[in-house]
Amino acid sequence: MDNFMQLAKERYSVRKYKDTPIEDDKLDQIIEAGIVAPTAHNEQPWRCYVLKSPEALKKINDLTTCAFHAPVVLMFTYNKDEQWKNPLEEGVTAGQEDVSIVATHMMLEAWELGIGSCWVNYFPNTKTEEAFNLPDNERVVLLMPMGYAQDGVHAAHLHNENRSRDELVKEL
């Protein structure tokens, strides 16, 4: 394994993409990284829709400006009926967290393969579910445009600004 901290620190959100398609074998590796991701009680309630047809990309670009006209947009959802439910407290579930873990695995694998991405929550969730005819028991959580970064793209100015460890981490 290479240095994870280096990968985590170097990765940044890409918002401008080349028209170059992502090779099928690389897309398969990215998806495999999601498949092996942990989920609560290993329920695996997540789904990933790979938007890459001209029709699907037009539809998502019409719904949000934050698909950035990437050659591929991953749309992550979870099945409400399959998500883990905490038996100790009513209403506490893990579907959204499971999707976040899976998406993070895919995002980091993509970066390792030289493919940029951006975690996007700026879109109309309900309209997106309707536009893509998702089943009634699925909820869309995030979009992840991805592709090869245009030349000259770099990390946003806030990329390396972090709160102090003392502010973020509390020992009890």
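Residues numbered from 1 in each chain as written. Predicted model: local features only at pLDDT ≥ 70, side-chain atom pairs only at ≥ 80, totals over all residues. Heavy atoms only, no water.

What to know about the sheet that holds strand β1 (residues 46-51)
Then, in step 1: Reading across from one edge, β1-β2-β4-β3 is the order of the 4 strands in this open sheet, with antiparallel pairing throughout. Edge positions in the sheet fall to β1 and β3 (116-117), since each has one partner strand and no second.
Then, in step 2: The pairing of β3 with strand β4 (residues 138-147) spans 2 bridges and is classified as antiparallel. Across the sheet, Ser117 pairs through a bridge with Met146, a residue of β4. (Pairing = 2+ DSSP bridges. Helix = DSSP H or I, 4+ residues; strand = E, 2+ residues; numbered from the N terminus.)

Quick look at the packing of aromatic side chains
Then, in step 1: Under the defined criterion, the tally for this structure stands at 1 aromatic pair.
Then, in step 2: Taken together, a centroid distance of 4.9 Å and an interplanar angle of 70° make the contact between Tyr12 and Trp111 edge-to-face. Of this pair, Tyr12 sits in the loop between α1 (4-10) and α2 (24-35) while Trp111 sits in helix α4 (residues 95-112), and the two are 99 residues apart along the sequence.
Then, in step 3: In this structure, Lys59 packs its charged tip against the face of Phe132, placed 5.0 Å from the ring centre. (Phe/Tyr/Trp six-rings, centres within 6.5 Å; stacked < 30°, edge-to-face > 60°. Lys NZ or Arg CZ within 6 Å of the ring centre and 35° of its normal.)

Quick word on the UniProt feature "domain: Nitroreductase" (unreviewed entry) in the protein chain
Then, in step 1: Mapped onto the present numbering, the UniProt feature "domain: Nitroreductase" (unreviewed entry) falls at residues 9-64 and 68-148.
Then, in step 2: The distance from the first to the last C-alpha atom of residues 9-64 is 28 Å, and the span holds 43% helix and 11% strand.
Then, in step 3: From the first C-alpha to the last, residues 68-148 spans 12 Å; its make-up is 31% helix and 25% strand. (UniProt positions renumbered as here; feature names shortened; annotations may be inferred.)

Some remarks on unusual backbone geometry
Then, in step 1: Positive phi is not limited to glycine here, since Asn42 has a value of about 55°.
Then, in step 2: Residue classification places Asn42 among the exposed residues on the basis of a relative accessible area of 51%.
Then, in step 3: With phi around 50°, Gln44 is a residue other than glycine that occupies positive phi space.
Then, in step 4: Among the secondary structure elements, Gln44 is positioned in the loop between α2 and β1.
Then, in step 5: Classification of Gln44 as partly exposed rests on a relative accessible area of 36%. (Buried < 20%, exposed > 50% of the residue type's maximum accessible area, 1.4 Å probe, protein only.)

Points about α2
Then, in step 1: Taking 1.5 Å per residue as the helical rise, α2 with its 12 residues ought to reach 16 Å, and the 16 Å between its terminal C-alpha atoms agrees with that figure.
Then, in step 2: All buried positions along α2 are accounted for by Leu27, Ile30, Ala33 and Gly34. One face of α2 carries all of its buried residues, which in axial projection span an arc of 115°. With respect to the buried face of α2, the exposed residues turned more than 90 degrees away are Asp24 and Asp28.
Then, in step 3: Looking at the packing, one finds that the buried side of α2 touches β1, α4 and β4. (Expected span 1.5 Å × (residues − 1). Arc of directions from axis to C-beta. Contact = heavy atoms within 4.5 Å.)

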